[in-house]
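Understanding the architecture of this molecule
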Amino acid sequence: MTRPTDEQRRGMLVDMVTARVQAQRLWNLQRQGRVGTLAPIDGHEAAIVGAVHALDPDHDWVIPQYREPLALRRYGTEVLDRFLLYNIGHPAGGHLPAPLRVLPNQISLATQLPHAVGLAKGLTLQHDSGVVLVFFGDGSSSEGDFYEAGNFAGVLGVPVIFLCLNNQWAISTPTHLQTAAESFAAKAAAFGFPGVRVDGNDAGAVYDAVDTARDRARAGSGPTLIEATLYRLGAHTTADDPTRYVPPEDLEAARRDDPVDRLREELVALGLWDDAVNAEVEAEALDIFDDAFERACAMPLSDDAMLDHCLAEDTQRMARQRERLLADTGGAGG
Ligand SMILES: Cc1ncc(C[n+]2csc(CCOP(=O)(O)OP(=O)(O)O)c2C)c(N)n1
Ligand SMILES: [Mg+2]
């Protein structure tokens, strides 16, 4: 057991509170029509923050699904910058600025899982000691890509950690209609590596599970599947109305075990957090967010921007398309 120190837990709470208030700001911007459809993070903060605090941002890689970016502050402000570009529909939102070790968002369910296995294999070929942590949802586990990635990872014995955020829902599909397996962690048995289930509302427990999996991966012993159980406290996306299908009593019970409140109460009891600190962290998080949003909106967008960040160099066909596009629009941009 490697429980995080109190200082580490305090750092985790800073990141969790940051994610919570920035998510609210982003939601408001969506309601004002200033960003596109988005998937709220509420309820997932402890699992994401706990996991990435067990990683080394200078060596280890993170592959998100689509809810995670606001909780990846540990990996630097570039993650927020890119996420906001993505939310306003700027093509640079899909870019991977070196040396950032966080891949862009993935909407096509589970396709990030084979990518993670390939990346982990690449690291071993380069004698790089980094590990790859890949996030996915309970719903994504029904995709063929999940089984292919798990199988390949087991056979190759690569340094990858599969982290399933089981938030009980895939849009309106509850977990009992998603799988008849006893748990999502149980699926690891078929791949030949350990599967563990942790309380995803407990940042320290997730930290511990990822830390153990990371040690195992770095020792050359291969992958681990971790299932973090939690509850989606918000809507699936800004295009969803969860009141049509989420039982209110379930949501109420989940709210009583809010992961941000839980860690905050623990740290308040230890004298490591209070209202003043909380207000300071929230204000700083909003300042950082507002600066980043302003920068994103001011980012130049050329008429051929849609062709940027696809491939390192244009193919002949792309070069022709770029030329035509610029000729048609006069290349004014805007
Ligand atoms: C291949 C594919 N099929 C269907 C969808 C539509 N879709 C978007 S999100 C979602 C639910 C995903 O559930 P889960 O993996 O549990 O993640 P969560 O949204 O709960 O975080 C579905 C079915 C998609 N994006 N990609
Ligand atoms: Mg889900």
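Quick notes on the rules
- Residues numbered from 1 in each chain as written.
- Chains lettered and ligands numbered in written order.
- Predicted model: local features only at pLDDT ≥ 70, side-chain atom pairs only at ≥ 80, totals over all residues.
- Heavy atoms only, no water.
- Helix = DSSP H or I, 4+ residues; strand = E, 2+ residues; numbered from the N terminus.
- Rg over C-alpha atoms; globule rule 2.2 N^0.38 Å.
- Buried < 20%, exposed > 50% of the residue type's maximum accessible area, 1.4 Å probe, protein only.
- Contact = heavy atoms within 4.5 Å.
- Areas by Shrake-Rupley, 256 points an atom, 1.4 Å probe, with all protein chains shown as cover.
- Lys, Arg positive; Asp, Glu negative; His and termini not counted.
- Charge placed at Lys NZ, Arg CZ, Asp CG, Glu CD.
- Core = buried A, V, L, I, M, F, W, Y, C linked by side-chain atoms within 4.5 Å.
- Phe/Tyr/Trp six-rings, centres within 6.5 Å; stacked < 30°, edge-to-face > 60°.
- Donors = N, O, S within 2.8 Å, 3.2 Å for Na, K, Ca; no water.
- Near = heavy atom within 4 Å.
- Polar contact = N/O pair within 3.5 Å; in protein donor to acceptor, adjacent residues only side chain to side chain.
- Nonpolar A, V, L, I, M, F, W, Y, C, P; charged D, E, K, R; others polar.
- Pairing = 2+ DSSP bridges.
- Axes fitted to C-alpha atoms, helices over the stretch in contact; angles between N-to-C directions.
- Parallel < 35°, antiparallel > 145°, perpendicular 65-115°, else oblique.
- Left-handed = near helix turned anticlockwise from the far one by under 90°.
- Salt bridge = Lys/Arg side-chain N within 4 Å of Asp/Glu carboxyl O.

**Description of the overall build of the protein chain**
- A tally of regular secondary structure across the protein chain gives 11 helices and seven strands.
- Here the C-alpha radius of gyration of the protein chain, 20 Å, is about what a compact globule of 334 residues would show, namely 20 Å.
- Per-residue burial for the protein chain yields a buried fraction of 49% across its 334 residues.
- Expressed as a percentage of contacts within the protein chain between residues at least 6 apart in sequence, the contacts between residues at least 24 apart total 74%.
- Carbon and sulfur atoms form 51% of the exposed surface of the protein chain, whose accessible area is close to 15400 Å².
- In the protein chain, the 29 positive side-chain charges and the 49 negative ones have mean positions that sit 3 Å from each other.

**So, the nonpolar core**
- Ranked by internal contacts, the top residues of the largest apolar core, which has 60 residues, are Leu133, Phe135 and Val210.
- Excluding its chain neighbours within four sequence positions, the residues that come into contact with Val210 are Ala51, Ala54, Leu55, Leu133, Ile161 and Ile226.
- One finds Trp61, Leu123, Phe162 and Phe184 within the second-largest nonpolar core, a separate group that totals 24 residues.

**Focus: the packing of aromatic side chains**
- Considering all chains together, one arrives at nine aromatic pairs under this definition.
- Look at Phe83 and Tyr86: their rings are 6.2 Å apart centre to centre, the planes differ by 15 degrees, and that puts the pair in the stacked class. Separated by three residues within a single helix, Phe83 and Tyr86 lie in helix α3 (residues 77-87), roughly one turn from each other.
- Centre to centre, the rings of Phe146 and Tyr147 are 4.9 Å apart; their planes meet at 80 degrees, and the pair counts as edge-to-face.
- What links up through ring pairs into an aromatic cluster is the set Phe136, Phe146, Tyr147, Phe162, Phe191 and Phe193.

**What to know about the coordination of the magnesium ion (ligand 2)**
- For the magnesium ion (ligand 2), every protein donor is listed as Asp138 (OD), Asn167 (OD1) and Trp169 (O), and the spread of their distances is 2.1 to 2.3 Å.
- Going along the chain, you hit the donors of the magnesium ion (ligand 2) in the pattern D-x28-N-x1-W.
- For Asn167, a relative accessible area of 5% corresponds to the buried category.
- According to the relative accessible area criterion, Trp169 is buried, its value standing at 9%.

**What about the site of ligand 1?**
- Among the 16 residues in the neighbourhood of ligand 1, the closest are listed as Tyr66, Arg67, Gly139, Asn167 and Trp169.
- Contact distances for ligand 1 include 2.8 Å between an oxygen atom and a side-chain N or O atom of Asn167.
- Looking at the shell around ligand 1, its residues break down into six nonpolar, seven polar and three charged.

**Some words on the pairing of strand β3 (residues 160-166)**
- Most of β3 sits inside the fold, with seven of its seven residues counted as buried.
- Residues Val160, Phe162, Cys164 and Asn166 of β3 are buried on one face, and the alternating residues Ile161, Leu163 and Leu165, pointing to the opposite face, are buried as well.
- The pairing of strand β2 (residues 132-137) with β3 spans six bridges and is classified as parallel. Within β3, the residue paired with Phe135 across the bridge is Leu163.

**Examining the packing of helix α4 (residues 112-125) against helix α5 (residues 144-156)**
- One can describe the packing of α4 onto α5 by two numbers: an axis separation of 8 Å at closest approach and a directional angle of 20 degrees. Considering their axes alone, α4 and α5 lie roughly parallel with respect to each other. Crossing of α4 against α5: the hand is left-handed. In contact with Leu113, Pro114, Val117 and Lys121 of α4, α5 contributes Asp145, Phe146, Ala149, Phe152, Ala153 and Leu156.

**As for the pattern of salt bridges**
- Per the stated rule, a full pass over the model turns up 21 salt bridges.
- In this structure, the salt-bridge partner of Asp42 is Arg20, at a minimum N-O distance of 3.8 Å. Residue Asp42 is found in the loop between α1 (6-31) and α2 (45-52), and its partner Arg20 is found in helix α1; the two are separated by 22 residues along the sequence.
- The residue Asp261 makes a salt bridge to Arg264 at a minimum N-O spacing of 2.9 Å. Of the two residues, Asp261 and Arg264 are both situated in helix α9 (residues 259-269); the distance of three residues between them amounts to about one turn of the helix.
- You can call Asp261 partly exposed: its relative accessible area is 29%.
- According to the relative accessible area criterion, Arg264 is buried, its value standing at 19%.
- One salt-bridge network, held together by shared partners, links Arg3, Asp199, Asp202, Asp257 and Arg262.

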